[in-house]
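Descriptive analysis of the structure
The residues making up each chain are set out below.
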Protein chains: 2
Amino acid sequence: MRVLYVEDAELLAGAVKHNLEKQGITTDLANNGEDGLDLAVKDIYDCVILDIMLPKLSGTDILKRMREKNIQTPVIMLSALSEVETKVGHLDKGADDYLAKPFKTAELIARIKAVVRRPKTVDAGIIKYGDLALDKTNATLNGEQLTAKEVEIMTEFMKNPENLISKEHLLVKVWGEGNICDDNYVETYISRIRKLLKRIKSHVKIVTVRGLGYKIMEK
Amino acid sequence: MRVLYVEDAELLAGAVKHNLEKQGITTDLANNGEDGLDLAVKDIYDCVILDIMLPKLSGTDILKRMREKNIQTPVIMLSALSEVETKVGHLDKGADDYLAKPFKTAELIARIKAVVRRPKTVDAGIIKYGDLALDKTNATLNGEQLTAKEVEIMTEFMKNPENLISKEHLLVKVWGEGNICDDNYVETYISRIRKLLKRIKSHVKIVTVRGLGYKIMEK
DNA sequence: GCTAGAACTTAAACCAAACTTAAAATCTTT
DNA sequence: AAAGATTTTAAGTTTGGTTTAAGTTCTAGC
């Protein structure tokens, strides 16, 4: 088991690391938010423990960025503040548990185990942009069922939000290199997807850039 | 959302019930362990909240009996004691979360939501979804006898409710890696299972996602 | 404001994927 | 070894995503 602990109080961090490792939990430390986010993104951990008050980037921000990047590692938030609202807020923002400072290492270990033991969300192939969430594994956009081609097109847009994507690019990615290219394929599907976006009342729009292609933007 | 709250301090129980219901969470109350266990066994809840110190049967006992009976409803334990060991112990015995008294209702609500949101634990012999209960040890679905292959297929669906499952996945899981793959195996069985679902008048449907696979959903 | 090319929309046709059914083969049980 | 249950095979049918095509609307440049 391997965890990341992002904490600026170095004395505390060292003590916790020592205690966790006594229990066989390898612990990486970061003493500021930027380094923490960096490690959380680069390396694979079983669990990430985030202090909220941190230099450079708060724990809340790290959590947010991680989930944006689609990293679904379990996260436990730590804070000296015991305000209930904060707790509620974090759990809703994608944290898996919350622990108030000061805490006993035994309790932290229990929480880590509980959180790691939970079955993984099957493989969160979810890409988010604006108010949209594309679930590639389930082929749904905000819960609406999509067809295979619709998924592939939306993937291209959502992987490159606000970036121009040419019809040729879509033809290659979705229909494959070999096939004869007819822009009307793309146009037909764009039309259908726009209808869908309107139906689900999304604020995200597919904008046409005449002669060049399309891009998605928030209204 | 519907929860059961087992608590002998009636004043507290009433207040919590009131606050939960304000948030749209239907709350059943029991003021002793026996009634609590009874309700937990008979009715279907999204979450069960157990005080530990209770007349007749302790919260710990209720938890134990529930898990023995293979009821996998999420459980949150409450206690005035804040000893870490107790917390650790309960989490290891199958509780899903732990909250120390006194607590604020907002915090309880956050925990309930977090715990309900988690994907279901499955290893157990009985898996439930919607109005279906698949008993793997007896090979029955709502009492109807199933064949071995039918059980395995339903297991895959019910372990991942509302999630897309491809034919290839089913072929591997049910027929094994080595075998020659013919989608028609899956199709014939899906057809039979659909007939069965109709016969028992279940609200659960197997939905086809053309080109991608199947998923189960409540009508 | 006119025009031509680009982009959009719609509906119908097509065809591979999915469904159903029943009979043959295989495995189990007595 | 026969009876019964389950699984596999096969063939005919249906369905719906994709393609095709035709008509309409938009937009940039004159």
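Small disclaimer: the values here were computed from a predicted structure and weren't measured. (Residues numbered from 1 in each chain as written. Chains lettered and ligands numbered in written order. Predicted model: local features only at pLDDT ≥ 70, side-chain atom pairs only at ≥ 80, totals over all residues. Heavy atoms only, no water.)

Observations concerning the protein's contact with DNA strand D
Of all residues adjacent to DNA strand D, which total 19 residues, the nearest are W175 and Y185 of chain A together with W175, Y185 and R210 of chain B. Backbone atoms, meaning sugar and phosphate, form 69% of the atoms of DNA strand D found within 4 Å of the protein. Interatomic distance of 3.1 Å between a side-chain N/O atom of N184 of chain A and a base nitrogen of DNA strand D. Those elements giving two or more residues to the surface near DNA strand D turn out to be α6 (148-159) and α8 (183-199) of chain A together with α6 (148-159) and α8 (183-199) of chain B. With 5 residues, the single largest contributor to the surface near DNA strand D is α8 of chain B. Here the residues of the surface near DNA strand D are counted per class, giving 8 nonpolar, 5 polar and 6 charged. (Near = heavy atom within 4 Å. Polar contact = N/O pair within 3.5 Å; in protein donor to acceptor, adjacent residues only side chain to side chain. Helix = DSSP H or I, 4+ residues; strand = E, 2+ residues; numbered from the N terminus. Nonpolar A, V, L, I, M, F, W, Y, C, P; charged D, E, K, R; others polar.)

Some details on the pattern of salt bridges
Evaluated as defined, the whole model comprises 12 salt bridges over all chains. Across the pair R192 of chain A and E150 of chain A runs a salt bridge whose closest N-O atoms are separated by 2.8 Å. Residue R192 of chain A is found in helix α8, and its partner E150 of chain A is found in helix α6; the two are separated by 42 residues along the sequence. Using a relative accessible area of 39% as the deciding quantity, one classes R192 of chain A as partly exposed. Here the salt bridges share partners, and the residues they tie into one network are R2, D28 and D43 of chain B. (Salt bridge = Lys/Arg side-chain N within 4 Å of Asp/Glu carboxyl O. Buried < 20%, exposed > 50% of the residue type's maximum accessible area, 1.4 Å probe, protein only.)

Focus: the protein's contact with DNA strand C
Looking at DNA strand C, there are 22 residues lining it, with T208 and Y214 of chain A together with K167, T208 and Y214 of chain B nearest. Counted by atom, the contact set of DNA strand C within 4 Å of the protein is 67% sugar and phosphate. The side chain of R194 of chain A places a nitrogen or oxygen atom 2.8 Å from a phosphate oxygen of DNA strand C. Those elements that provide at least two residues to the surface near DNA strand C are α8 of chain A together with α8 of chain B. Among the residues making up the surface near DNA strand C, the classes are represented as 2 nonpolar, 10 polar and 10 charged.

Focus on the confidence of the model for chain A
All names here are of chain A. Averaged over all residues, the pLDDT of chain A equals 83, while 86% of them reach at least 70. Within chain A, no element has a lower average pLDDT than helix α4 (residues 84-93), which sits at 51, and none a higher one than α8, at 95. For residues 119-124, every residue scores under 50 in pLDDT, and the model assigns this stretch 9 contacts once sequence neighbours within four places are set aside. (pLDDT = per-residue confidence, 0-100. Contact = heavy atoms within 4.5 Å.)

As for the side chain of D28 of chain B
All names here are of chain B. Tracing the sequence through the fold places D28 in strand β2 (residues 26-30). On the accessibility criterion, D28 (19% relative accessible area) is buried. Look past the residues within four positions of D28 in its chain and what remains in contact with it is R2, V3, L4, Y5, D43 and Y45.

Re the sheet that holds β2 of chain B
Residue and element names in this part refer to chain B. Ordered by their spatial adjacency, 5 strands build an open sheet running β2-β1-β3-β4-β5, and the pairing between neighbours is parallel. In this open sheet, the two edge strands, each paired with only one partner strand, are β2 and β5 (97-100). Along the sheet, successive strands turn relative to each other by an average axial angle of 20 degrees, direction set aside. In the sheet, strand β3 (residues 47-51) pairs with strand β4 (residues 75-79) via 4 bridges, with the strands oriented parallel. Across the sheet, D51 pairs through a bridge with L78, a residue of β4. Relative to β2, helix α1 (residues 10-22) is tilted by about 165 degrees, and along the sheet it contacts β1 (2-6) and β2. (Pairing = 2+ DSSP bridges. Axes fitted to C-alpha atoms, helices over the stretch in contact; angles between N-to-C directions.)

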